[in-house]
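Structural overview
Residues per chain, in single letters:
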Amino acid sequence: MEPKDPKPSPIWLEHAIAFPALFLLVCLVLNREFPFPFTDNEGAFVLLGREMGHGARLYADLWDHKPPFYFGLSWWLQSFSALDPVSLHFFGAVLHALNGFLLTRIAKRMGLSDGAAIGTALAYVGLLASPLVLPWTVDADLLCLPFLLISFDLLLSEGPVSPLLSGLLFGAAFLTKQSVLFLCPVVGLVYGGQWARVRRWFIGAGGIVALTALYFAATDRWDDFSDALIRFNSIYVQTGWQFFRATAAFRQFLVQLSWMALAVYGIPLLLFIHGVGGPRVSRVPVRNLFFIGLWLLGALGAGCASGYFFTYYFVAVLPPLALGMGLAWQKWEEKKRLEVAFLSVLFTAGVLLLVLNVGALQDRVFGYSQYPTQRYMEDEGVGLALRAHAQPGDELLAWSDDPQLYVYSGLKPSLKTPFVNHLASMPSLLLQTWIDFQKRPPRFVLVALSNQVFPLPGPFRSYLKTHYTKVKSWQTLELYVLKTNPGLK
């Protein structure tokens, strides 16, 4: 009598084991960066979510050009607890673990084996070892990924309701980061001429966007909402490409950055090419190979669209890159391709070298990551010093592009947008900021000394000279206190 095959473990048990294991691996890879100070995007994320919890209306009372779900997630998180850098980056690790888990589902939908699906998740975690794309930070590029991955998981499903749900989740990703529109060709590829499924997908995607727009229109915030979602971003893109064309030093830096990116991600890219190109593995339709390729190209296009080429944009490239690596490992399972095994050993060695910072390798890569450590550390020190001296009801005008100054100080902003560089493209808002500044001068004013910040206009500077006392200077900031209530010495 032949022995019976062992009974497979319940799917909930597999999930209960897989997610905590991935989370532990992500924490081991990212633990060095957990205490890092907030970036400016994280500062805006925490600030607007905090103020929404205090009754502020998004876009009407505080404005930024990111979509509403981005700040809604912050408000939801802070309904449980205040966010400091460690807790926020801990949440980022949870998101990465979730992304890795969702990639195993997409890999299986595509026809990969269980081993290759697990390899895909491990590849994603390994790709986080490079600090080049700021993988520990929580910004729109990371926050939209779970929505997008669930959408693509449903996109590859054959269920009758899957297109509607996939579109709904894609719409949620768009309302977190607009650049996911670059991935619409992926949807067209998967559905092809299946017009009934395409129609249901658009009903889902368009429905959630339309309902969100109706909400802001019904609450008299349509103009500010459409500015954030569409109009200002067209100006943002124009400004980015003007800066790119006009700044030779920036273009030279991008060349150096490209070489560093090729050095860090060259081996994963070779594995991706081996996975997607060449002899096809069994059970993986050709359509799914184009699916991964289009996804990768769309993510690269989204990262380049604004002309600023911020490194954190390219965290969106990691999921399709990991899937291509999973395909390569399935080829090793089926065809014993020695070059795949060799490249995999090199990739694993590179991950270990980065995580352990052997020969200061991670530090050298970190130098290209566009994370101005000294500035962010100074923001933290200045903000906490203000918190120690602030009194209930005090407000702050931070003439800088670092909203984390409001977060660290615990002070309410005295202007509508915490990014003063936005005011250079919004003359009506600049005028309103000047009017409000005179009507209700805040107790504290911080002025950034960086030439990358929109200069403080003459009327503001004259008003500071007359009504404020300059009490302290740091490397990148000057602090002024209202003369009627100096407070600081």
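Residues numbered from 1 in each chain as written. Predicted model: local features only at pLDDT ≥ 70, side-chain atom pairs only at ≥ 80, totals over all residues. Heavy atoms only, no water.

Okay, the pattern of salt bridges next. Taken as a whole and judged by the stated rule, the model has 13 salt bridges. We note a salt bridge from Arg109 to Asp153, for which the minimum N-O separation is 2.8 Å. A residue pair is termed long-range when its members are at least 10 positions apart, and Arg109 in helix α4 (residues 85–110) and Asp153 in helix α6 (residues 140–155) qualify at 44 residues. Look at Arg109 and you get partly exposed, because its relative accessible area is 36%. Residue classification places Asp153 among the buried positions, given a relative accessible area of 5%. Close ionic contact of Asp141 with Lys177 constitutes a salt bridge, the shortest N to O distance being 3.4 Å. One end of the pair, Asp141, is in helix α6; the other, Lys177, is in the loop between α7 (162–174) and α8 (184–191), and 36 residues separate them in sequence. The exposure class assigned to Asp141 is buried, which follows from its relative accessible area of 5%. Since its relative accessible area comes to 15%, Lys177 is described here as buried. Several salt bridges converge on common partners, so that one network encompasses Arg105, Arg109 and Asp153. (Salt bridge = Lys/Arg side-chain N within 4 Å of Asp/Glu carboxyl O. Helix = DSSP H or I, 4+ residues; strand = E, 2+ residues; numbered from the N terminus. Buried < 20%, exposed > 50% of the residue type's maximum accessible area, 1.4 Å probe, protein only.)

Here we take up the nonpolar core. Grouped together as the largest cluster of nonpolar side chains are 154 residues, with contacts concentrated most on Phe152, Phe291 and Trp295. In this structure Phe291 touches Ile106, Met110, Phe152, Leu155, Leu156, Val186, Leu189 and Val190, once residues within four positions along its chain are discounted. (Core = buried A, V, L, I, M, F, W, Y, C linked by side-chain atoms within 4.5 Å. Contact = heavy atoms within 4.5 Å.)

It is worth spelling out the side chain of Glu33 at this point. Among the structural elements, Glu33 can be located in the loop between α1 (11–30) and α2 (40–53). Buried charge without a partner: Glu33 forms no salt bridge, and the closest opposite charge is Arg32, 4.8 Å away. Ignoring anything within four residues of it in the chain, the contact list for Glu33 reads His89, Pro131, Trp136 and Gln362. (Lys, Arg positive; Asp, Glu negative; His and termini not counted.)

Within the chain, Asn357 stands out as a residue other than glycine whose phi angle is a positive 55 degrees. Although it is not a glycine, Gln370 sits at a positive phi angle of roughly 60 degrees. Following the sequence through the fold, Gln370 ends up in the loop between α15 (361–366) and α16 (373–389).

As a further point, take the sheet that holds strand β5 (residues 477–482). Reading across from one edge, β2-β1-β3-β5-β4 is the order of the five strands in this open sheet, with mixed pairing throughout. Looking at strand neighbours, the two that pair on one side only are β2 (412–413) and β4 (468–473), the edges of this open sheet. With four bridges joining them, strand β1 (residues 395–399) and strand β3 (residues 444–448) adopt parallel strand pairing. Across the sheet, the residue bridging to Leu396 is Phe444, located in β3. Contacts between α16 and the sheet are confined to β1, β3 and β5, with β5 contributing the most and set at about 15 degrees to the helix. (Pairing = 2+ DSSP bridges. Axes fitted to C-alpha atoms, helices over the stretch in contact; angles between N-to-C directions.)

To continue, consider the side chain of Thr137. You can see Thr137 is positioned in the loop between α5 (114–127) and α6. A residue is classified by how much of its surface remains accessible, and Thr137, at 2% relative accessible area, is buried. Apart from residues lying up to four places away in sequence, Thr137 is in contact with Thr39, Glu42, His89 and Leu142.

Taking burial as the measure, the five residues of β1 include five buried ones, the bulk of the element. Burial of β1 is two-sided: the residues Glu395, Leu397 and Trp399 facing one way and the residues Leu396 and Ala398 facing the other way are all buried. The pairing of β1 with β2 spans two bridges and is parallel. Of the residues in β2, the one forming a bridge with Glu395 is Lys412.

Okay, the packing of aromatic side chains next. Applying the stated criterion across every chain, the model contains 42 aromatic pairs. Residues Trp241 and Phe309 carry aromatic rings whose centres are separated by 5.6 Å and whose planes lie at 85 degrees to one another, so their mutual orientation is edge-to-face. Taken together, the residues span a long stretch of sequence, with Trp241 in helix α10 (residues 222–246) and Phe309 in the loop between α12 (286–304) and α13 (318–335) at a distance of 68 residues. When its relative accessible area of 28% is taken as the criterion, Trp241 is described as partly exposed. With relative accessibility at 14%, the residue Phe309 sits in the buried group. (Phe/Tyr/Trp six-rings, centres within 6.5 Å; stacked < 30°, edge-to-face > 60°.)

Attention now goes to the packing of α7 against helix α9 (residues 195–218). Two numbers describe how α7 lies on α9: the axes approach to 7 Å, and their chain directions differ by 35 degrees. Viewed along their axes, α7 and α9 form a crossing whose handedness is right-handed. Facing Ser162, Pro163, Leu164, Ser166, Gly167, Leu168, Phe170, Gly171, Ala172 and Phe174 of α7, the residues of α9 in contact are Arg197, Arg200, Trp201, Ile203, Gly204, Ala205, Ile208 and Val209. Within the contact of α7 with α9, the residues separate by chemical class into eleven nonpolar, five polar and two charged. (Left-handed = near helix turned anticlockwise from the far one by under 90°. Nonpolar A, V, L, I, M, F, W, Y, C, P; charged D, E, K, R; others polar.)

Here helix α11 (residues 248–276) crosses helix α14 (residues 338–355) at 155 degrees, and the two axes come no closer than 9 Å. As summarised for this structure, α11 and α14 are arranged roughly antiparallel, according to the angle between their axes. Once α11 is placed against α14, the crossing between them reads as left-handed. Contacts from Ile267, Pro268, Leu270, Leu271 and His274 in α11 reach Glu339, Val340, Leu343, Ser344, Leu346 and Phe347 in α14. Here the residues of the contact of α11 with α14 sort into eight nonpolar, two polar and one charged. (Parallel < 35°, antiparallel > 145°, perpendicular 65-115°, else oblique.)

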